[in-house]
Amino acid sequence: MGIVSSGFFGRGRRDDPALPPGQHLTDGFPVLSAGPTPRITPEEWEFTITTETGQVHRWSWTEFLALQQDDVSRDIHCVTSWSKLGTSWRGVSLDTLFESVESDCEFTMAHSYGGYTTNVPLDDLLDGKAWIAHEFDGEALEPAHGGPARLLVPHLYFWKSAKWVRGLEMLRQDEPGFWESNGYHMYGDPWREERYW
Amino acid sequence: MTDNLDDLDYLDGNAAAGPLSEFFAIDVVSARGRCASCGRIDALATARLYPNSHGLLLRCPGCAEILMRLVDTGDSVCLDLHGLSFIELRRG
Ligand SMILES: [Zn+2]
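One structure accompanies this document, and this report is about it. (Residues numbered from 1 in each chain as written. Chains lettered and ligands numbered in written order. Predicted model: local features only at pLDDT ≥ 70, side-chain atom pairs only at ≥ 80, totals over all residues. Heavy atoms only, no water.)

1. Some points on the side chain of A:Ser93
Residues and elements named next belong to chain A.
Part 1 of the reasoning: Looking at where Ser93 falls in the secondary structure, it is placed in strand E5 (residues 82–93).
Part 2 of the reasoning: Polar contacts involving the side chain of Ser93 include one to the main-chain amide nitrogen of Asp95, which spans 3.0 Å.
Part 3 of the reasoning: Apart from residues lying up to four places away in sequence, Ser93 is in contact with Asp70, Ala130 and Trp131. (Helix = DSSP H or I, 4+ residues; strand = E, 2+ residues; numbered from the N terminus. Polar contact = N/O pair within 3.5 Å; in protein donor to acceptor, adjacent residues only side chain to side chain. Contact = heavy atoms within 4.5 Å.)

2. Comments concerning the coordination of the zinc ion
All names here are of chain B.
Part 1 of the reasoning: At the metal site, the zinc ion is ligated by Cys35 (SG), Cys38 (SG), Cys60 (SG) and Cys63 (SG), and these contacts range over 2.3 to 2.4 Å.
Part 2 of the reasoning: Seen from the zinc ion, its 4 donor atoms lie at angles of 106 to 111°, and the figure they make is tetrahedral.
Part 3 of the reasoning: Each donor residue of the zinc ion lies on the same chain, and together they follow the pattern C-x2-C-x21-C-x2-C. Here Cys35, found in strand E2 (residues 32–35), pairs with Cys63, found in the loop between strand E5 (56–59) and strand E6 (66–72); they are 28 residues apart in sequence, far enough to count as distant.
Part 4 of the reasoning: Take Cys35: its relative accessible area is 2%, and that puts it in the buried class. (Donors = N, O, S within 2.8 Å, 3.2 Å for Na, K, Ca; no water. Tetrahedral: all angles 85-135°; square planar, octahedral: opposite > 155°, others 65-115°. Buried < 20%, exposed > 50% of the residue type's maximum accessible area, 1.4 Å probe, protein only.)

3. Some remarks on the nonpolar core
Part 1 of the reasoning: If you look at the biggest cluster of nonpolar residues, it comprises 40 residues, and the most contacted ones within it are A:Phe47, A:Ile49, A:Leu94, A:Ile132, A:Leu151 and A:Trp179.
Part 2 of the reasoning: Of all the elements in the fold, those that place two or more residues in this core are strand E2 (46–50), helix H2 (61–66), helix H3 (94–98) and strand E11 (165–171) of chain A together with E6 of chain B.
Part 3 of the reasoning: Core analysis: the second largest hydrophobic core is formed by 19 residues, B:Val29, B:Ala45, B:Leu56 and B:Met68 among them. (Core = buried A, V, L, I, M, F, W, Y, C linked by side-chain atoms within 4.5 Å.)

4. So, the pattern of salt bridges
All names here are of chain B.
Part 1 of the reasoning: The final tally for this structure, using the stated rule, is 9 salt bridges over all chains.
Part 2 of the reasoning: The salt bridge involving Glu88 is made with Arg32; its shortest N-O contact spans 3.0 Å. Of this pair, Glu88 sits in strand E8 (residues 84–88) while Arg32 sits in strand E2; the two residues are 56 residues apart in sequence, bridging distant segments of the chain.
Part 3 of the reasoning: By relative accessible area, Arg32 is classed as partly exposed at 33%.
Part 4 of the reasoning: Linking Glu88 and Arg90 is a salt bridge whose minimum nitrogen-to-oxygen distance equals 3.6 Å.
Part 5 of the reasoning: On the accessibility criterion, Glu88 (26% relative accessible area) is partly exposed.
Part 6 of the reasoning: Taken together, the salt bridges that share partners define one network made up of Arg32, Glu88 and Arg90. (Salt bridge = Lys/Arg side-chain N within 4 Å of Asp/Glu carboxyl O.)

Right, here's the structure in full:
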């Protein structure tokens, strides 16, 4: 795949140091559909963090929007080999959401409306590395791209940035999520090309 | 949550015939399968195939749960069948 795509798309890694190995630039924003798009209204939306003791931290849409909002610009890298540089998002840092959470767990499972799951280590969600994003390019995030809100973990392959996210579950041990249980990498670092097991 | 069947961004199950031919000696989309989630029994050709995904997903036309997942990593191809409780072939 690498040989064909870097030649075909022309703008390979050699002329752009922001591109991880095996990636090419896209100007569009491809939608990777794995099922029916959930349509979640703000009234029914909520975000939860559930700890190992069963304690549930819960935010309604209104409470979520009242938290400190960050505007971030990040490069994103999809495992299917497209990358998009300097994408603009607005959302709430996971640092903000975890301020009130007490947990000894090092791993998390993100759960989405529609049933999707993906595993992310807690360290990869903290220290300004991840957000619950609800705007893209200054507009409310469209359902096709994960709206009302999606996880944004831009330093990992984009399947980790769960669309339609509804909560994080704290895990004592790492467990595979939806794609990870069928061959996708447990961690997914684009700079190490961690695409598959 | 997965009961929204209004989306049109899927293909019919016949489009899975090519990728699945690597696993099955027969044309498996003409076989009938039972959804492990809702119990519906129907030809796999009636299932909904979601394209452009990280893998090929066949979903039940009744309840939208996943019947099959096929992930092709280049070096290997993995078929996850846990959403189907059986596949039935008719002889002749
Ligand atoms: Zn079903």
